[in-house]
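The lines below spell out each chain.
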Amino acid sequence: MMILYGYWRSTAAYRVRIGLNLKQLEFESRSVHLVKDGGQQHSAEYRALNPQGLVPLLIDGDTRISQSSAILEYLEEKYPGLALLPGEPEARAAVRSLYQSIACDLHPLNNLRVLQYLERVLDVDKDSRDTWYHHWIHKGFTALEKELSVHAGEGNFSMGESLSMVDLFLVPQLYNARRFNVPLDEYPRLTAIEQHCLSLSAFADARPEAQPDAVLKKD
Ligand SMILES: N[C@@H](CCC(=O)N[C@@H](CS)C(=O)NCC(=O)O)C(=O)O
């Protein structure tokens, strides 16, 4: 069985959980607590597995893959079943362009280690840190809202009628934005796609709150 090193609230691990569920691949989740003990991703034990010190990490037999995009592209090539990419090169390029706008341009600027560096090394206060966070979310989401309004048409998914890798990156990023109280009223297309995706069990089962290592506040 495959092993996925992740963390319940990790946006990048959430993408991979959705992909594994959609392809109906069984996996064992191993939790790497990103905060406890100064962050278990920095432990010698985990660094030996993934020198990048980030989750997710997938182990499939003798194959070890870091980076959620690489993992999902690997699953797509190795395990047919439900397709995460369309068949034609032009449509594939459109999907990759959109999911990479989240994976490469938006998410890295708001990652835990970047926010920690702002606060701990550059002495940025919480309000300024949140301004930084919201700025990059809005920049990314504004472009996506425009682009998906064209691609999605009347369909329920980012690219229209068919689910694609864009949905796997969009839904976790919206979860992440909510955690930081980003208002999402300006993105009706994005939130409608999210709502539809979360009605599917592959997405719902991958939600952070549904993970065994989730720590949920009880009111
Ligand atoms: N580009 C990477 C990003 C991975 C990443 O940033 N993971 C975060 C959690 S979402 C992490 O491990 N953060 C730990 C840290 O910043 O120290 C991917 O797509 O896998």
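Attention in this report is confined to the structure presented alongside it.

Here is what the cut-offs are and how they apply
Residues numbered from 1 in each chain as written. Predicted model: local features only at pLDDT ≥ 70, side-chain atom pairs only at ≥ 80, totals over all residues. Heavy atoms only, no water. Salt bridge = Lys/Arg side-chain N within 4 Å of Asp/Glu carboxyl O. Helix = DSSP H or I, 4+ residues; strand = E, 2+ residues; numbered from the N terminus. Buried < 20%, exposed > 50% of the residue type's maximum accessible area, 1.4 Å probe, protein only. Pairing = 2+ DSSP bridges. Right-handed = clockwise from strand over helix to strand, strands pointing away. Axes fitted to C-alpha atoms, helices over the stretch in contact; angles between N-to-C directions. Parallel < 35°, antiparallel > 145°, perpendicular 65-115°, else oblique. Contact = heavy atoms within 4.5 Å. Nonpolar A, V, L, I, M, F, W, Y, C, P; charged D, E, K, R; others polar.

## Brief notes about the pattern of salt bridges
For side chains bearing opposite charge, pairing can occur when the charged atoms are close.
Stage number 1. By the definition in use, this model includes 8 salt bridges.
Stage number 2. Measuring nitrogen to oxygen at the nearest pair gives 3.0 Å for the salt bridge that ties arginine 96 to glutamate 73. Of the two residues, arginine 96 sits in helix H4 (residues 89-106) while glutamate 73 sits in helix H3 (residues 68-78), which places them 23 residues apart along the sequence.
Stage number 3. Note on arginine 96: relative accessible area 27%, which makes it partly exposed.
Stage number 4. Judged by relative accessible area, glutamate 73 falls into the buried class, the value being 14%.
Stage number 5. Close ionic contact of arginine 129 with glutamate 119 constitutes a salt bridge, the shortest N to O distance being 3.6 Å. One end of the pair, arginine 129, is in helix H6 (residues 126-152); the other, glutamate 119, is in helix H5 (residues 112-120), with 10 residues separating them in the sequence.
Stage number 6. In this structure arginine 129 comes out as buried when scored by relative accessible area, which is 14%.

## Details of the pairing of strand S2 (residues 27-31)
Stage number 1. The pairing of strand S1 (residues 2-6) with S2 spans 5 bridges and is parallel. Looking at the pairing, isoleucine 3 lines up with glutamate 28 of S2.
Stage number 2. The parallel pair S1 and S2, bridged by helix H1 (residues 11-22), forms a crossover whose chirality is right-handed.

## Remarks on the packing of H4 against H6
Stage number 1. Their axes nearest at 10 Å, the elements H4 and H6 cross at an angle of 170°. In terms of orientation, H4 lies roughly antiparallel with respect to H6. Across from Ala94, Leu98, Ser101, Ile102 and Leu106 in H4, the residues of H6 making contact are Trp136, Ile137, Gly140, Phe141, Leu144, Glu147, Leu148 and His151.
Stage number 2. Residue composition of the contact of H4 with H6, by class: 9 nonpolar, 3 polar and 1 charged.

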